[in-house]
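Chain by chain, the residues:
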Amino acid sequence: MNKKGSTKRIIIQKDLEKKFSLIVFIRKIFLEYKWFIVFFIPFLVVQLFHIVQQNWDTVAYVFGGKWFCGNQIYLELIRPPFPSFLNCVFGGGGEYSMILSTVFACVVYLIAIVLIYKKNKSELNPFVFALFSFLFPSILFHSNFGSDLLALSFLLLALSVVSPLKKGFFFGLSSLSRYNYLLFGLVLVFGERKNPKNILKMLVVFVLVWVPWMVFNYLMTGNLLFSLEETSFLNVMQKGIIAPFFVEQILIIGFFVFLLFLSKKKDFFNSLNLVALLNVIMFIFSGIKETRLINLLVVAIAFGAGKLFGDKYSKKLVVLFVLFNVLLLILYPFPFYASTPIPSDDFVKDCRTASDKWVFFYDEGVVSECVYDIVDLNAFVQSGGSLVLYDYKNFDLNSISGTLINRTDYIIIHSNNCAPQPKKYISGSLRNYVLRWQKTSKIGFYDYSDWVE
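Residues numbered from 1 in each chain as written. Predicted model: local features only at pLDDT ≥ 70, side-chain atom pairs only at ≥ 80, totals over all residues. Heavy atoms only, no water.

Chemist: Give a description of the overall build of the protein chain that names residues and reports values.
Modeler: Across its full length, the protein chain carries 20 helices and seven strands. Buried residues in the protein chain amount to 51% of all 453 residues. When contacts within the protein chain are restricted to residue pairs at least 6 apart in sequence, those whose partners lie at least 24 apart make up 71%. Surface summary for the protein chain: the accessible area is close to 22,600 Å², and the carbon and sulfur share equals 65%. (Helix = DSSP H or I, 4+ residues; strand = E, 2+ residues; numbered from the N terminus. Buried < 20%, exposed > 50% of the residue type's maximum accessible area, 1.4 Å probe, protein only. Contact = heavy atoms within 4.5 Å. Areas by Shrake-Rupley, 256 points an atom, 1.4 Å probe, with all protein chains shown as cover.)

Chemist: Requested: an account of helix H4 (residues 82-89), with residues and values cited.
Modeler: With six of eight residues buried, H4 is to be regarded as a mostly interior element. Among the residues of H4, those classed as buried are Phe 82, Pro 83, Ser 84, Leu 86, Asn 87 and Cys 88. Packed against the buried residues of H4 are helix H3 (56-68), helix H5 (97-119), helix H8 (148-160) and helix H9 (164-175). Immediately beyond the C-terminal end of H4, within one or two residues, lies Gly 91, with a positive phi of roughly 105°.

Chemist: Give me the nonpolar core: which residues, what numbers.
Modeler: Within the largest apolar cluster, 97 residues are counted, with the highest numbers of intra-cluster contacts made by Phe 36, Tyr 109 and Phe 134. Those residues in contact with Phe 134 that lie beyond four places of it in its chain are Phe 36, Phe 39, Phe 40, Phe 43, Tyr 109, Leu 110, Ile 113, Ile 139 and Leu 140. One finds Val 62, Phe 63, Tyr 410 and Tyr 425 within the second-largest nonpolar core, a separate group that totals 23 residues. (Core = buried A, V, L, I, M, F, W, Y, C linked by side-chain atoms within 4.5 Å.)

Chemist: Run through helix H13 (residues 247-262), naming residues and quoting values.
Modeler: The end-to-end C-alpha distance of H13 is 23 Å, a good match for the 22 Å that 16 residues give at a rise of 1.5 Å each. Buried within H13 we find Glu 248, Gln 249, Ile 252, Ile 253, Phe 255, Phe 256, Leu 259 and Leu 260. Projection of H13 onto a plane perpendicular to its axis shows the buried side chains occupying an angular sector of 155°, all on one side. Along H13, the residues that are exposed and aim more than 90 degrees away from the buried face are Ile 250 and Phe 261. (Expected span 1.5 Å × (residues − 1). Arc of directions from axis to C-beta.)

Chemist: Could you give an account of the pairing of strand E5 (residues 403-406), with specific residues and numbers?
Modeler: Pairing of E5 with strand E6 (residues 411-414), which is carried by four bridges, proceeds in the antiparallel orientation. When the sheet's bridge partners are listed, Thr 403 is paired in E6 with His 414. (Pairing = 2+ DSSP bridges.)

Chemist: I'd like to hear about unusual backbone geometry, residue by residue, with values.
Modeler: Although it is not a glycine, Thr 408 adopts a positive phi angle of roughly 70°. In this fold, Thr 408 is placed in the loop between E5 and E6. For Thr 408, a relative accessible area of 65% translates into the label exposed. Even without a glycine there, the phi angle at Lys 442 is positive, about 60°. Within the fold, Lys 442 resides in the segment after helix H20 (431-441). Look at Lys 442 and you get exposed, because its relative accessible area is 76%.

Chemist: Tell me about the pairing of strand E2 (residues 352-355), residues and numbers included.
Modeler: In E2, alternate side chains face the same way, and those of Arg 352 and Ala 354 on one face and Thr 353 and Ser 355 on the other are all buried. Alignment of E2 against strand E4 (residues 385-389), held across four bridges, turns out to be parallel. Looking at the pairing, Ala 354 lines up with Leu 387 of E4. Across two bridges, the pairing between E2 and strand E3 (residues 369-370) is parallel. What sits directly across from Ala 354, in E3, is Glu 369.

Chemist: Break down the packing of aromatic side chains for me, citing the residues and quoting the values.
Modeler: The final tally for this structure, using the stated rule, is 43 aromatic pairs. Considering the side-chain rings of Phe 63 and Tyr 362, the 5.7 Å spacing of their centres and the 65° angle between planes classify their relative orientation as edge-to-face. Taken as a pair, Phe 63 in helix H3 and Tyr 362 in the loop between E2 and E3 lie far apart in primary sequence, 299 residues in all. You can call Phe 63 buried: its relative accessible area is 5%. (Phe/Tyr/Trp six-rings, centres within 6.5 Å; stacked < 30°, edge-to-face > 60°.)

Chemist: Can you lay out the state of the cysteines for me, pointing to particular residues and giving the numbers?
Modeler: Within the structure shown, the criterion is met by two disulfides. Cysteine pairing for the protein chain (bonded cysteines numbered in sequence order): 1-2, 3-4. (Disulfide = S-S within 2.5 Å.)

Chemist: How would you summarise the side chain of Glu 192 if you had to cite specific residues and measurements?
Modeler: Its location among the elements puts Glu 192 in the loop between helix H10 (185-191) and helix H11 (196-221). No salt bridge is formed by the buried Glu 192. Its closest oppositely charged neighbour is Lys 167, at 4.6 Å. Excluding anything up to four places from it in sequence, Glu 192 contacts Val 162, Lys 167, Asn 198 and Ile 199. (Lys, Arg positive; Asp, Glu negative; His and termini not counted. Salt bridge = Lys/Arg side-chain N within 4 Å of Asp/Glu carboxyl O.)

Chemist: Outline a nonpolar patch on the surface, supporting the account with residue identities and numerical values.
Modeler: Together, Val 236, Ile 241, Ile 242, Phe 245, Ile 250, Ile 281, Ile 284 and Phe 285 give the surface a local cluster of nonpolar side chains, amounting to about 760 Å² of exposed area. According to the relative accessible area criterion, Phe 245 is partly exposed, its value standing at 34%. (Patch = residues over 30% accessible without salt bridge, like charges linked within 9 Å, V, L, I, M, F, W, Y side chains within 5 Å.)

Chemist: Explain the sheet that holds E6 to me, and be specific about the residues and the numbers.
Modeler: Taken together, five strands build an open sheet; the order of strands is E3-E2-E4-E6-E5 and the sheet is mixed. Single-partner strands in this sheet number two, and they are E3 and E5.

Chemist: How would you sum up the pattern of salt bridges? Please name residues and give values.
Modeler: By the definition in use, this model includes eleven salt bridges. The salt bridge involving Glu 32 is made with Lys 121; its shortest N-O contact spans 2.4 Å. With Glu 32 in helix H1 (residues 2-32) and Lys 121 in the loop between H5 and helix H6 (126-135), the pair connects residues that are 89 residues apart, well separated along the chain. The class for Glu 32 is partly exposed, based on a relative accessible area of 27%. Looking at Lys 121, the relative accessible area reads 37%, which means it is partly exposed. Put simply, Asp 373 and Arg 431 hold a salt bridge, and the shortest N to O gap is 3.9 Å. Residue Asp 373 is located in the loop between E3 and helix H19 (377-382), and its partner Arg 431 is located in helix H20; the two are separated by 58 residues in the primary sequence.

Chemist: If you had to explain the environment of Val 114 to someone new, which residues and values would you point to?
Modeler: You can see Val 114 is positioned in helix H5. Residue class for Val 114 comes out buried when judged on its relative accessible area of 16%. Separated by 81 residues in sequence, Val 114 and Tyr 33 have C-alpha atoms that sit 8.0 Å apart. When neighbours within four sequence positions are excluded, Val 114 is seen to be in contact with Tyr 33 and Phe 36.

Nothing here speaks to function; it is geometry throughout.
Listed below in structure tokens is the structure:
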């Protein structure tokens with residue numbers, strides 16, 4: 001009995017020691033990274049609040065997740081696949097899939113920021129670096145539209161790790177979240193310029209990550225890079241390369257340049273500054289001037305500010321940071337997206353329908369078509385389709401014959417006939433290339449029997 005009792009006490013004592021060691025370890029980690037944890041919490045809350053609002057990109061990626069999980073209703077081949085793939089993994093594109101994938105993106109961003117700090121902890125002020133990384137206005141309010149934070153986070157991981165294999169893997173996931181991030185590969189290659197073997201390893205892994213998506217593109221369209229080409233067609237050829245700046249964007253770029261010139265010579269061309277400089281150039285020559293597209297500058301700003309203040313804690317800096325945030329919020333307040341009203345008429349639910357805000361119809365179970373993909377709107381109405389137009393002043397309504405219904409927020413041009421609504425729909429400026437390939441290739445990868453031309 002004594003031996004058994006003694007053995008039991010030893011086991012209990014060892015268990016307590018393990019638990020105590022774990023508590024000590026957790027406490028040590030918390031104390032070391034307390035500012036990252038403290039500032040990450042409001043960052044996560046804001047991202048979740050943002051993502052539950054009705055947003056165009058969010059809807060598209062949710063239904064992309066449904067498509068990849070076999071519930072084929074709506075697909076935009078123009079979009080990179082990784083955000084949709086995650087929504088498939090996190091619940092098949094269901095009600096909570098976007099929330100879970102947002103949490104995932106936020107955690108990856110946290111890991112990337114911590115890794116950057118660990119590599120430079122002797123030079124960085126953790127309070128300043130964490131404060132700017134998580135609570136800078138543009139990253140706080142304009143980083144999460146389904147793919148932006150994912151792309152940013154995995155690129156930061158690619159810049160942070162040493163292994164070329166991991167660099168290639170993370171860069172592959174980053175570019176499969178946002179295609180324009182492919183250009184940042186130049187910085188990764190430049191960083192390995194003295195090690196050609198590392199460049200080769202990185203590129204091999206990168207291509208392997210891309211292979212499944214290229215195969216999918218080929219089976220759907222006959223073109224390995226169809227999605228990338230369609231994105232370029234819409235965002236570059238159709239929208240051009242020139243657009244005006246907003247005031248807050250000038251302030252952010254100016255802040256980055258200011259900190260850049262205050263940095264030491266050895267830091268001027270570090271990887272974060274290089275990707276930020278390339279980001280500025282890309283942004284200047286872009287027909288789409290959205291603040292979320294320069295969020296790479298935020299991490300470079302955080303890094304520059306963290307190095308500038310080193311180990312010093314400055315109350316003046318906190319005051320300046322708060323004032324800068326307030327100024328940006330006055331110029332560009334937190335985005336709130338009002339829900340788009342969708343008509344509930346039977347002919348909208350049962351018959352062929354097209355709209356300039358077609359994506360929002362899918363949440364209501366309506367397979368709506370993109371009005372911009374229709375060459376002849378009058379022929380569309382005459383053949384049994386109805387138009388639901390929100391920005392109707394942009395259309396020549398006199399050229400369309402049908403019953404006009406004005407609902408204040410939108411108008412409906414109702415057809416007297418009723419063509420059956422398709423069961424699924426692929427949207428995109430080059431969508432007919434998909435149909436042509438499916439008709440001629442005889443691969444039989446996609447059932448286009450209910451395709452609407």
